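Below, each chain spelled out in residue letters.
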Amino acid sequence: MGLAALLAGAPGAWQCVRFGFASVAATPILARALAAAITGAACGLPDDESLAEALGRDLAARDDTRSTAEYRRRVAMNLVREALAPWRHQGGFNASD
């Protein structure tokens, strides 16, 4: 499973937010509801419950011989948490990061 994330700006003033997932559905997906939840946050970032709800609207995770849908949803949310961690704990990246 993979995540490509683009977050430009800062919480409350996002200029561009995109999340693309691979290996969670039959084809790669662009998580539009997740991006909208983050972009629409007036200040800070949405809590994990709100993020998981938005991500659930985007994902069509499936069971197959390699993994279960529940596992894919859990890993996808962990990837989102990891991508957002710099903004939650350090105030974002700077050009020297």
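Reading the values: rules and limits
Residues numbered from 1 in each chain as written. Predicted model: local features only at pLDDT ≥ 70, side-chain atom pairs only at ≥ 80, totals over all residues. Heavy atoms only, no water. Buried < 20%, exposed > 50% of the residue type's maximum accessible area, 1.4 Å probe, protein only. Helix = DSSP H or I, 4+ residues; strand = E, 2+ residues; numbered from the N terminus. Pairing = 2+ DSSP bridges. Axes fitted to C-alpha atoms, helices over the stretch in contact; angles between N-to-C directions. Parallel < 35°, antiparallel > 145°, perpendicular 65-115°, else oblique. Contact = heavy atoms within 4.5 Å. Nonpolar A, V, L, I, M, F, W, Y, C, P; charged D, E, K, R; others polar.

Brief notes about the pairing of strand β2 (residues 16–22)
Next up, step 1: Alternating residues of β2 divide into V17, F19 and F21, all buried, and C16, R18, G20 and A22, none buried.
Next up, step 2: Pairing geometry for strand β1 (residues 2–8) and β2, over seven bridges, is antiparallel. Considered in β2, the bridge of A5 is made with F19.
Next up, step 3: Where β2 and strand β3 (residues 29–30) come together, two bridges link them in antiparallel fashion. Within β3, the residue paired with F21 across the bridge is I29.
Next up, step 4: Counting the residues that bridge the hairpin from β2 to β3 gives six residues, and of these S23 lies at a positive phi of roughly 65°.

Describing unusual backbone geometry
Next up, step 1: At S23, a position not held by glycine, the phi torsion is positive, near 65°.
Next up, step 2: Checked against the element boundaries, S23 lands in the loop between β2 and β3.

Section: the packing of helix α1 (residues 32–39) against helix α2 (residues 48–58)
Next up, step 1: Viewed as axis vectors pointing N to C, α1 and α2 meet at an angle of 150°, and their least axial separation amounts to 6 Å. Classified by the angle between their axes, α1 and α2 sit roughly antiparallel to one another. Between α1 and α2, the residues in contact are R32, A33, L34, A37 and I38 and L51, A54, L55, R57 and D58, respectively.
Next up, step 2: For the contact of α1 with α2, the per-class residue count stands at seven nonpolar, no polar and three charged.

A word on the sheet that holds β2
Next up, step 1: Taken in spatial order, the three strands make up an open sheet running β1-β2-β3, and their pairing is antiparallel. Since the sheet does not close on itself, it has two edges, and those belong to β1 and β3, each with one partner.
Next up, step 2: Along the sheet, α1 contacts β2 and β3; its crossing angle with β2, the most-contacted strand, is approximately 150°.

Quick notes on the side chain of R72
Next up, step 1: If you trace the backbone, R72 turns up in helix α3 (residues 69–89).
Next up, step 2: With residues up to four places along the chain from it excluded, the contact list for R72 reads M1, S23, V24, A61, R62, D63, D64 and S67.

Describing the environment of A36
Next up, step 1: Looking at the element boundaries, A36 is found in helix α1.
Next up, step 2: Owing to a relative accessible area of 48%, A36 belongs among the partly exposed residues under this scheme.
Next up, step 3: For the pair A36 and R18, spaced 18 residues apart in sequence, the C-alpha to C-alpha distance is 9.0 Å.

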